[in-house]
Amino acid sequence: MSGSLVARRYALALLEIAKEQQLLKVIVEDLRVVKEVIGYTPELKAVLHSSKLTKETKKAVVIQGFTAVNPYVLNTLLLLIDRHREDQIASVADEFLALANEEMGIAEADVYSTRALSDAEREAVTAVFAAKVGKKSLNIKNFVDSDLLGGLKLRIGNRIYDGSLRGKLDRLERTLL
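Now for a quick tour of the structure. Only a predicted model underlies this, so the values are computations on that prediction, with no experimental measurement involved.

A separate point is helix α2 (residues 24–40). Helix length check: α2, at 17 residues, gives a terminal C-alpha distance of 24 Å against a target of 24 Å (1.5 Å per residue), a fit within 8%. Burial in α2 covers these residues: L24, I27, V28, D30, L31, V34 and I38.

A word on unusual backbone geometry. Positive phi outside glycine occurs at Q22, with the angle close to 55 degrees. Its place among the elements puts Q22 in the loop between α1 (3–20) and α2. Non-glycine residue H84 carries a positive phi angle of around 60 degrees. Within the fold, H84 resides in the loop between α5 (71–82) and α6 (89–104). Taking relative accessible area as the criterion, H84 reaches 55% and is therefore assigned exposed.

The next point concerns the layout of surface pockets. Put simply, the largest pocket is a space of about 500 Å³. As for the largest pocket, its lining consists of 20 residues, of which R32, K35, E108, N139 and K141 are closest to the centre. Going through the elements one at a time, α2, α6, β1 (106–113), β2 (137–144) and β3 (152–156) are the ones with two or more residues in the lining of the largest pocket. Class assignment of the residues belonging to the lining of the largest pocket gives a composition of 7 nonpolar, 3 polar and 10 charged. Space inside the second largest pocket adds up to approximately 150 Å³. Every residue lining the second largest pocket is listed: K25, V28, E29, R32, N101, M104, I106 and N139. For the lining of the second largest pocket, the secondary structure elements donating two or more residues are α2 and α6. Per-element tally for the lining of the second largest pocket: the top contributor is α2, with 4 residues.

As summarised here, the arrangement of the 4 strands in space is β2-β1-β3-β4, forming an open sheet in which the pairing is mixed. The strands lining the two open edges of the sheet, one partner per strand, are β2 and β4 (159–162). With strand direction ignored, the average angle separating the axes of adjacent strands in the sheet is 20 degrees. Note: β1 against β2, 8 bridges, orientation parallel. By the bridge assignment, S113 is partnered in β2 with V144.

Let us now look at the packing of aromatic side chains. Per the stated rule, a full pass over the model turns up 2 aromatic pairs. Each ring, one from Y112 and one from F143, has its centre 5.2 Å from the other, and the planes form 20 degrees; the classification is stacked. Of this pair, Y112 sits in strand β1 while F143 sits in strand β2, and the two are 31 residues apart along the sequence. The interplanar angle of 55 degrees and the centroid separation of 5.1 Å between the aromatic rings of F129 and Y161 together place this pair among those described as tilted. Of this pair, F129 sits in helix α7 (residues 119–132) while Y161 sits in strand β4; the two residues are 32 residues apart in sequence, bridging distant segments of the chain.

Here is what the cut-offs are and how they apply
- Residues numbered from 1 in each chain as written.
- Predicted model: local features only at pLDDT ≥ 70, side-chain atom pairs only at ≥ 80, totals over all residues.
- Heavy atoms only, no water.
- Helix = DSSP H or I, 4+ residues; strand = E, 2+ residues; numbered from the N terminus.
- Expected span 1.5 Å × (residues − 1).
- Buried < 20%, exposed > 50% of the residue type's maximum accessible area, 1.4 Å probe, protein only.
- 1 Å grid on protein atoms, 1.4 Å probe; cavity = no way out; pocket = protein on both sides within 12 Å on 5 of 7 lines; lining within 4 Å.
- Points joined across faces, edges and corners; volume = space filled by probe spheres on them.
- Nonpolar A, V, L, I, M, F, W, Y, C, P; charged D, E, K, R; others polar.
- Pairing = 2+ DSSP bridges.
- Axes fitted to C-alpha atoms, helices over the stretch in contact; angles between N-to-C directions.
- Phe/Tyr/Trp six-rings, centres within 6.5 Å; stacked < 30°, edge-to-face > 60°.

This is the structure:
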């Protein structure tokens, strides 16, 4: 079975539990933390991928490292270790976050601007563009890009909305040539 199918199955199972227990938002936040910790801690990755360590040792490290997460998340991590699927933890988290966002009507959006957006500006962008993509709201990641000169550039899924001054100048240049 391919890795993405495995990750999807675990993510779907965890999503069903989260919906039954009405813990969807809690588990989403916990899995974001788990994904970030595993992504930015090479030592933890080394422990999880080590063939010299036993399952019990790996499980003890995970239990100690993730004591604050929801028990369902922790049990999922331990189950992945039991089944020798430690390499799938980040994929399961990604799949779960995608499924949870779909369930809650949220789209991930990368917003490029010349400066960091304020909370009011984030809400305005969410209000305008969430309706365009058929979602309730946007989960915005803001990237500062001084090359834009002004305005915004958004990437939501495979759609790009370019309202930047740099984009307008580039389009004007193409029409003039």
